[in-house]
Every structure is written in structure tokens, then in C-alpha cells.
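What follows is the residue order along each chain.
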Amino acid sequence: MGRAAEMLGVTPAFLRALGTAKLIEPRRSDGGHRRFSRYQLRLAARARELVDQGTPLEAACRIIVLEDQLAEALHINAQLQQNRAPQPMEEPDPPR
């Protein structure tokens, strides 16, 4: 945890607070040390940005969750748009 906090320029208490807020839940090593993924470190860095701007920690966590959900929805939408076959234009019926 100390190394992750040092990399982000935060305190271990800040990282623990993010865990308490359920923003990040690091895995534990066999020795009981917290292990953060790159993704979790990116979330923690974003939380630090928002908190540094004056956003309360709980609100920052909610914003990050919503940003993450929006990014995922946009990604899914782009995939669906890409996979959708173009619709051929119908020709009008000839006059009788």
C-alpha cells in the first residue's frame, strides 16, 4: 500500500478511504499486503484529482463510477453500431 500511495502522491489512509467507499477493492497477497491493479491505480488517481479540486470523497467516488459506466456504455454502443449491417435502400414500387 505504501508503494501505491507513493506512486500516486497520496497517503495510505486515502487509499484505505477509497476501499471503505468501495471504489477500489485491492487483492491481498499471501502475506496480507494489498495489491492494486493498474485500473485501480487509475481510479485512485482520478479520485485524487477530484478531491484536490474540492469534491468530497464520497461524491468523487460516485462521479468516477458514473464516468466508468458511461465509458462502458459508449464502448458497447460503438460496437453495436459497427456490427450493424447497413440497410439497403428500398426502391419504390413502379407505377401501374
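Residues numbered from 1 in each chain as written. Predicted model: local features only at pLDDT ≥ 70, side-chain atom pairs only at ≥ 80, totals over all residues. Heavy atoms only, no water.

## Here we look at the packing of helix H2 (residues 12–20) against helix H3 (residues 38–52)
Note the threshold: The angle between two axes is taken between their N-to-C directions and runs from 0 to 180 degrees, where each axis is a line fitted to C-alpha atoms and a helix contributes only its stretch in contact. The helix count covers DSSP runs of H or I at least four residues long, the strand count covers runs of E at least two residues long, and both are numbered beginning at the N terminus. Angular relationships are summarised with four words: roughly parallel below 35 degrees, roughly antiparallel beyond 145, roughly perpendicular across 65 to 115, and oblique for the angles in between. Throughout, a contact is declared for two residues whenever any of their heavy atoms are within 4.5 Å. Charged residues are taken to be Asp, Glu, Lys and Arg, nonpolar residues to be Ala, Val, Leu, Ile, Met, Phe, Trp, Tyr, Cys and Pro, and polar residues to be all remaining types, Gly included.
At a closest axis distance of 11 Å, the pairing of H2 and H3 adopts a crossing angle of 105 degrees. Judged on the interaxial angle alone, H3 and H2 are roughly perpendicular. Contact residues: Phe14, Leu15 and Leu18 in H2; Ala44, Ala47, Arg48 and Val51 in H3. Its residues placed into classes, the contact of H2 with H3 shows 6 nonpolar, no polar and 1 charged.

## Overview of the confidence of the model for the protein
Do not read the fine detail of predicted coordinates wherever pLDDT is low. Quick note on the threshold: pLDDT measures the predictor's confidence residue by residue and takes values from 0 up to 100.
Chain-level statistics for the protein give a pLDDT mean of 91 and a share of 94% at 70 or above. Per-element confidence in the protein ranges from a low mean pLDDT of 89 for strand S2 (residues 34–35) to a high of 96 for H3.

## Quick notes on the nonpolar core
Using the following cut-off: The term nonpolar core refers to a set of buried residues drawn from Ala, Val, Leu, Ile, Met, Phe, Trp, Tyr and Cys, joined through side-chain atoms within 4.5 Å. For each residue, the accessible area found with a 1.4 Å probe, counting protein chains only, is set against the maximum for its type, and the residue is called buried under 20%, exposed over 50%, and partly exposed in between.
Counting residues in each nonpolar core, the largest one holds 19 residues, and the members touching the most others are Leu15, Leu18, Leu23, Ile24 and Phe36. If one sorts the elements of this core by residue count, H3 sits on top with 5 residues.

## With respect to the packing of H3 against helix H4 (residues 57–83)
The condition that has to hold: It is the rotation of the near helix from the far one that decides the hand of a crossing: anticlockwise by less than a right angle makes it left-handed, clockwise makes it right-handed.
The contact between H3 and H4 brings their axes to 9 Å, and the two run at 130 degrees. On the basis of the axis angle, H3 is oblique to H4. Remark: the crossing between H3 and H4 carries right-handed chirality. The residues of H4 that touch H3, namely those facing Tyr39, Leu43, Arg46, Ala47, Leu50 and Val51, are Leu57, Ala60, Ile63, Ile64, Glu67 and Asp68. A breakdown of the residues in the contact of H3 with H4 according to their chemical character gives 9 nonpolar, no polar and 3 charged.

## Things to note about H4
Basically, it comes down to this: Take the residue count of a helix, subtract one, and multiply by 1.5 Å to get its expected span.
In this model H4 runs 39 Å from its N-terminal to its C-terminal C-alpha over 27 residues, within 8% of the 39 Å that 1.5 Å per residue would give. Turning to H4, its buried residues are Ala60, Cys61 and Ile64.

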